[in-house]
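# Structural description and commentary
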Amino acid sequence: MISLAPLANLPSLESERLLLRRLCMRDALDIFDYSRDPEVARHVLWSAHASLSESRSYIRYMLRRYRLGDPSSWGIVLKSENRVIGTIGFMWIQEENASAEVGYSLSRAYWNRGIMTEALRLVLEFGFQRLRLNRIEAQHEVDNPASGAVMRKAGMAYEGILRQRLCNKGRFVDVALYAALRADYNG
């Protein structure tokens, strides 16, 4: 059986370069710095932040989710810079199926450095070991193949295309679905 107890006090996760931690209001400027970039927002379901106020609202939303023990996101902190450069977390968790979806975004200045693959591996490990999930999936728009590369490098398997699965910024988009199973996850 899965355990959602770790979500009630979402722990920090750490790798050699990264610290994944709960967001706090002092992260607003860091989040605004990358969330206002239309290229960062292009393939996600939120629009580029137009003001610091939008970034603060997002943090307030995450703080509520932390308090409720709901699926939520970590801030991705690059240790060498001690600043939030992205987010990663669970979009939903289905207890009855022991499954979840993970989603992420990263500042364009840090693309193609293996940072998101490193963060995704930490979240997969947390999901399988601490939450006792059986399946963790992720999806990306088909015209964002770099995200699929992150998923493959983190050990997720490609499962197929879901045609016009999402409506993103007024257009229906096809998404590629990836998943990792606890039985074949090698960390």
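Residues numbered from 1 in each chain as written. Predicted model: local features only at pLDDT ≥ 70, side-chain atom pairs only at ≥ 80, totals over all residues. Heavy atoms only, no water.

### Points about a nonpolar patch on the surface
- A cluster of nonpolar side chains, namely Val142, Tyr158 and Ile161, defines an oily patch on the protein surface of about 270 Å² accessible area.
- By secondary structure assignment, the location of valine 142 is in the loop between strand E6 (135-141) and helix H6 (145-153). (Patch = residues over 30% accessible without salt bridge, like charges linked within 9 Å, V, L, I, M, F, W, Y side chains within 5 Å. Areas by Shrake-Rupley, 256 points an atom, 1.4 Å probe, with all protein chains shown as cover. Salt bridge = Lys/Arg side-chain N within 4 Å of Asp/Glu carboxyl O. Helix = DSSP H or I, 4+ residues; strand = E, 2+ residues; numbered from the N terminus.)

### Re the sheet that holds strand E5 (residues 99-106)
- The strand order across the open sheet built from eight strands is E1-E2-E3-E4-E5-E6-E8-E7, with neighbouring strands paired in mixed fashion. Only two strands of the sheet have a single neighbouring strand rather than two, namely strand E1 (13-14) and strand E7 (157-168).
- Examined bridge by bridge, strand E2 (residues 18-21) and strand E3 (residues 73-78) share four bridges and lie antiparallel to one another. Paired with leucine 18 across the two strands is leucine 78, which belongs to E3.
- Packed on one face of the sheet, helix H5 (residues 115-130) meets E1, E2, E3, strand E4 (83-94), E5, E6 and strand E8 (171-181) and runs near 35° to E4. (Pairing = 2+ DSSP bridges. Contact = heavy atoms within 4.5 Å. Axes fitted to C-alpha atoms, helices over the stretch in contact; angles between N-to-C directions.)

### Notes on the packing of H5 against H6
- Where H5 meets H6, the axes come as close as 9 Å, and the angle between the chain directions of the two elements is 45°. The angle between H5 and H6 falls in the class oblique. Between H5 and H6 lies a crossing of right-handed hand. Of the residues in H6, those touching H5 at Met116, Thr117, Leu120 and Arg121 are Val150, Met151 and Lys153.
- For the contact of H5 with H6, the per-class residue count stands at four nonpolar, one polar and two charged. (Parallel < 35°, antiparallel > 145°, perpendicular 65-115°, else oblique. Left-handed = near helix turned anticlockwise from the far one by under 90°. Nonpolar A, V, L, I, M, F, W, Y, C, P; charged D, E, K, R; others polar.)

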